[in-house]
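# Reading the structure
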Amino acid sequence: MNNRMLSFVAMGLAGGAASVACAQPYLINGSGATLMENFFNSPAATNDLIDADGDGQIAILGDQLSPTACSNLFGNNHWAVTYRVVGSGNGFAELRDWGFTFNTNIDGDSNNGTLNCDFSDSSIINRQEFCADGVISNCGEPLTAGGNPVRVDIASALGGDYSATLDTSDNSGIQIDFAAIDVPVSWFVLQNGGQPLLNNVPGEAGYGNNERLAIEKDGSAFTSRSNKLKALDGLNGAVNTNVGEADDRTVFDYSIALVPVAAMTNFGTGHMEIDTSDLRHLTATGRLMSGENLMKVTRDSGSGTRNAFMNGICLDPSWGAGENIGERTVSSSNDLIGPDFQPSNKGGSSRVEGTTRNHRLAVGHTGAERGFGRGWLIDGDAELLAVRSDIRGGTEFIRPTLEAVLDGGADGYNITGPGVISTLGDARSAPASDGGLGWLEPFVDNNGNGVYDLGTDDFIDINGSGVRDAVETRPGDLNPAMRNPDAAAFVNNILRSVQAFNANPPSDTNFFTPGEWIALNFVSTAAAINSPEINPDPDDDCIPLIPNPEFNQDVQDFLNDNPNLSVFSDPAFASFNMTSAGLVPVRTAGIDYNDGAGGDNYINQGGSTVSYGSLLNMRNLIAGDFDGDAELLAVRSDIRGGTEF
C-alpha cells in the first residue's frame, strides 16, 4: 500500500488523549544493528541529498527532513523515522515478519514476535528515544507494537480520530520498512543439513545451527535461549534472497560501509594483545587456551556485531556464546556486579560496554567506532586488544587504526562487518523523484541560488568532472518495489549519498550527507584494499580476505590525505593507554556486601570510601596483581615455542 495515501495518528504525544496530526510526515520504520545506532542518531542520516521533499534544496543548505521529535513531531517534519536498536539479525527477523504486513497489535502482545519495547535496547524517533532498556519513555505509546509513537491508518486515505483506548479494531498499525545489518543477510541465515561445526562459513551446510542452549547462572537448568542464527521462514511466512527472480518477498541488500569490530577489554585483564586463535577459543569456551579464566561478554545470537566479530575470528557465530549464561537482556541492571550480574546474551552494544567496564576480567566485542563515539576508549574507561590474525597467516598485532582498516588484509585490521541496509522489494524501483533508477544526480549550482533550476545552466555532475553527465537510465522492467515509497526515498537518500561521496569525496555537495557521515565514522566500502568475501566457498574454514571488488583509489586517497576527518585517526586507536587503570566497578545497590558499604560505594582496606565509576588508582591496574609487578602484561607463548615475554 502506498504510504503517501496513508495518514498518521499521534498517540498521546503529550501524555494525554491521542489527536489527529496537524501535519502529515511520512512514517518510516527501521530495525537492526547497534553498530548503526550512532548513524541513525545523527542529523546526517536524514539530511536531504535527493531533494526528497521537492523543495529544491539539499543537505549543504541545511535541508533537514526530520528536524523535530516528540515535542513537535507533526510540526515541520517531512519524515518521522523510527529505529529499533535490537541487533542486526533481530532487525532482519522483524523485517521478515512485518515487512509485508502491518502489525495492528499493542505493545507486549505475544503475536508481535520480538516487535515489543522490552526486546529493544533503545528505540528512537527522529533521534529522540521513546524506548530505553526495554521500557517505554518520552512519547512512546503502549498501545502500539514496540511502543512506536505513531502508526498509520491502513484503511483510509484521510485518517481519523482515535481515542486513548486503542485496540486491534482500529485498523491502524506499523510495518518495518528496512533493516540495518552489520553483515549481509546471507551471513545471518542458518543452513540445515551437514554438521554444526565451529569453523563453518556462511552458506555451508550446518552454518549457524549450533544447538547449544544457554544455561541458568547456577548451571543446573537450560533455558530456551538458542545460539542459532535466523531462518528465512517467519511469523507470517517466508522471505527469500532470490534477487535474480525477485518477488515482493525478496530481500535486497545494499552495501554501505565496512564496520570494524573491536575486542574491548577491561584494564584488569592485563592483556594488550591477543592471537585470533586464542580469541576464538576464549569466545567459544570462556577461557583462554592457557586455561586463564577471563570473563567473555557476548551479545545474543541475533546480534550483527556478534556475527561480524565471530566471522572475523574464524568462528561460526552460533558458537560464539562465551560464558553462555542467561536469557537475552537489555537491562543495564544486569551489567552491575552483584546478584543480577549477567555476562552473556546482551541485547545491545551498550550492554556489552557497560558490563566490560564493570568486570575487571572482562573481554567483550563492540563497534570500534563506539570507543570514540561513546567515549569509553578516548576517556580511558576501557581499552581494546590488538589482534594478530594467526589463523589467516598474519604476523603482526594490529589495532583498528585508519591505516590498518584501509588495508584490511591479514596484517591489516580485518575484523569487519560488510554493513548493509536490507529491504523487502527493491528501493531502486521507486520513482526517480524518490531516488530510484532515473534519478537526476547532484548538480552544479551555476547561479549560486542553492537550488536546481530546470531550463538553466545548472547541470548534473555526479563524478565532479565539470561536465554534464548522462541522465541515469530507468529500465521499463523493474524489480518489485518496496511497499512504502517514502521508506524507499529514505533508503535511496542514503545510497545516493554514499554513491556521490565515492564518486567525488571532496565535493561540497557531500557536506553533512549520510554518505559523508558513514565514510568518516565507519569506513566507506570502497576505501579498503581488502575485504571479507561475501559468499565464501563452503570448503573454507575461515571467510577469505580478498581484493576488494569495490575498491576506489580516490576514496582511499581522500581518507589518507585527510586523516583527521576519520574517527579512526584518533590517537586512542593507535596505542594502548598506559596511563589509566579503568573505572571502579559499579555494584547493585541495596545489598549488604562484605565491605559494609551497603551497595552505594566500596570501603577500602584503609577504611576510606571508594566511589563507583571513579578512576581506579594505577596500583589497581591488573586484577589479582598482588605484588604490584604488572607481570601479567607480558606473556610468553611457550606452548607455541615462544622464548620471550
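These lines cover the structure that appears in this document, whether it is placed above or below. (Residues numbered from 1 in each chain as written. Predicted model: local features only at pLDDT ≥ 70, side-chain atom pairs only at ≥ 80, totals over all residues. Heavy atoms only, no water.)

### What to know about the overall build of the protein chain
When helices and strands are tallied, the protein chain shows 10 helices and 27 strands. For the protein chain, with 645 residues in total, the buried portion stands at 57%. (Helix = DSSP H or I, 4+ residues; strand = E, 2+ residues; numbered from the N terminus. Buried < 20%, exposed > 50% of the residue type's maximum accessible area, 1.4 Å probe, protein only.)

### Quick notes on the pattern of salt bridges
Going through the model one piece at a time under the given rule, you end up with 15 salt bridges. One salt bridge connects Arg-351 with Asp-121, and the closest N-O pair in it is separated by 3.4 Å. Here the residue Arg-351 occupies a position in helix 5 (residues 349-358), and Asp-121 occupies one in the loop between helix 2 (88-98) and strand 5 (122-125), the gap between them amounting to 230 residues. In terms of burial, Arg-351 and Asp-121 fall into one category: buried. A salt bridge links Glu-353 to Arg-370, with the nearest nitrogen and oxygen atoms 2.6 Å apart. One end of the pair, Glu-353, is in helix 5; the other, Arg-370, is in helix 6 (residues 369-373), and 17 residues separate them in sequence. Note on accessibility: Glu-353 and Arg-370 belong to one class, buried. The structure contains a network of salt bridges with shared partners spanning Asp-121, Asp-133, Asp-335, Lys-346 and Arg-351. (Salt bridge = Lys/Arg side-chain N within 4 Å of Asp/Glu carboxyl O.)

### Regarding the environment of Trp-439
With respect to the helices and strands, Trp-439 occurs in the loop between strand 21 (416-424) and strand 22 (443-444). With sequence-adjacent residues up to four places away left out, Trp-439 is seen in contact with Leu-49, Ile-50, Ala-432, Glu-472 and Arg-496. At a separation of 3.4 Å, a polar atom in the side chain of Trp-439 contacts the main-chain carbonyl oxygen of Ile-50. (Contact = heavy atoms within 4.5 Å. Polar contact = N/O pair within 3.5 Å; in protein donor to acceptor, adjacent residues only side chain to side chain.)

### Observations concerning the pairing of strand 6 (residues 128-132)
Summarising the sheet, strand 5 and strand 6 pair through 4 bridges and their orientation is antiparallel. Bridge pairing in strand 6 places Ile-125 opposite Gln-128. Hairpin connection of strand 5 to strand 6: 2 residues between the antiparallel strands, including Asn-126 at a positive phi of 50°. Two successive antiparallel strands, strand 6 and strand 7 (residues 135-136), enclose a turn made up of 2 residues, where Asp-133 displays a positive phi of approximately 55°. (Pairing = 2+ DSSP bridges.)

### Details of the packing of aromatic side chains
Aromatic ring pairs are reported here in terms of the distance separating the ring centres and the angle at which the planes meet. Counted by the stated rule, this structure contains 14 aromatic pairs. Here Phe-501 and Phe-558 contribute two aromatic rings whose centre-to-centre distance is 5.6 Å and whose plane-to-plane angle is 80°, an arrangement assigned as edge-to-face. With a gap of 57 residues between them, Phe-501 in helix 8 (residues 485-503) and Phe-558 in helix 10 (residues 553-561) connect regions that are remote in the sequence. Considered together, Phe-501 and Phe-558 belong to a single accessibility category, that of buried residues. Here a set of aromatic residues connected by ring pairs shows up, and it is made of Phe-39, Phe-40, Trp-79, Tyr-83, Phe-178, Phe-490, Trp-517 and Phe-522. (Phe/Tyr/Trp six-rings, centres within 6.5 Å; stacked < 30°, edge-to-face > 60°.)

### Topic: the nonpolar core
Membership of the largest hydrophobic core comes to 125 residues, with the highest contact counts inside it found for Met-36, Phe-40, Trp-79, Tyr-83, Phe-490 and Ile-518. Counting residues per element, this core draws most heavily on strand 15 (residues 251-265), which supplies 11 residues. Those residues within four positions of Tyr-83 in sequence are excluded, and the remaining contacts are Gly-30, Ser-31, Gly-32, Ala-33, Met-36, Glu-37, Phe-40, Ser-122, Ser-123, Ile-124, Phe-178 and Ala-180. Judged by nonpolar contacts, the second largest core, of 9 residues, contains Phe-267, Phe-576, Tyr-602 and Tyr-612. (Core = buried A, V, L, I, M, F, W, Y, C linked by side-chain atoms within 4.5 Å.)

### A short note on helix 3 (residues 276-285)
Among the 10 residues of helix 3, 7 are classified as buried, and the element is accordingly described as predominantly covered. If you check which residues of helix 3 are buried, you get Thr-276, Ser-277, Asp-278, Leu-279, Leu-282, Thr-283 and Ala-284. Of the surrounding secondary structure, the elements contacted by the buried residues of helix 3 are strand 15, strand 16 (273-275), strand 17 (295-296), helix 4 (304-312), strand 18 (362-367) and strand 20 (386-388). Residue Gly-286 follows helix 3 closely and has a positive phi angle near 85°.

### Regarding the state of the cysteines
Applying the stated rule across the entire model yields 3 disulfides. One disulfide in the model links Cys-117 with Cys-131; its S-S distance is 2.0 Å. Here Cys-117 and Cys-131 share a disulfide; its torsion about the S-S bond, 100°, makes the bridge right-handed. Placement of the pair is Cys-117 in the loop between helix 2 and strand 5 and Cys-131 in strand 6, with a sequence separation of 14 residues. Each member of the pair, Cys-117 together with Cys-131, is buried. What pairs with Cys-314 in a disulfide is Cys-542, and their sulfur atoms sit 1.9 Å apart. On the S-S bond that ties Cys-314 to Cys-542, the torsion sits near -55°, and the link is left-handed. Of this pair, Cys-314 sits in the loop between helix 4 and helix 5 while Cys-542 sits in the loop between strand 24 (530-532) and strand 25 (545-547), and the two are 228 residues apart along the sequence. (Disulfide = S-S within 2.5 Å.)

### Focus on unusual backbone geometry
With a phi close to 55°, Asp-133 is a non-glycine residue in the positive phi region. Its place among the elements puts Asp-133 in the loop between strand 6 and strand 7. Residue Asp-133 is classed as partly exposed on the basis of its relative accessible area, which comes to 30%. A positive phi is found at Cys-314, a non-glycine position, where the angle reads about 65°.

### Comments concerning the environment of Phe-222
Of note, Phe-222 is situated in strand 12 (residues 222-226). Through-space distance from the C-alpha of Phe-222 to that of Glu-327 is 9.9 Å; in sequence the pair is 105 residues apart. If sequence neighbours within four positions are ignored, Phe-222 has contacts with Leu-213, Ala-214 and Ile-215.

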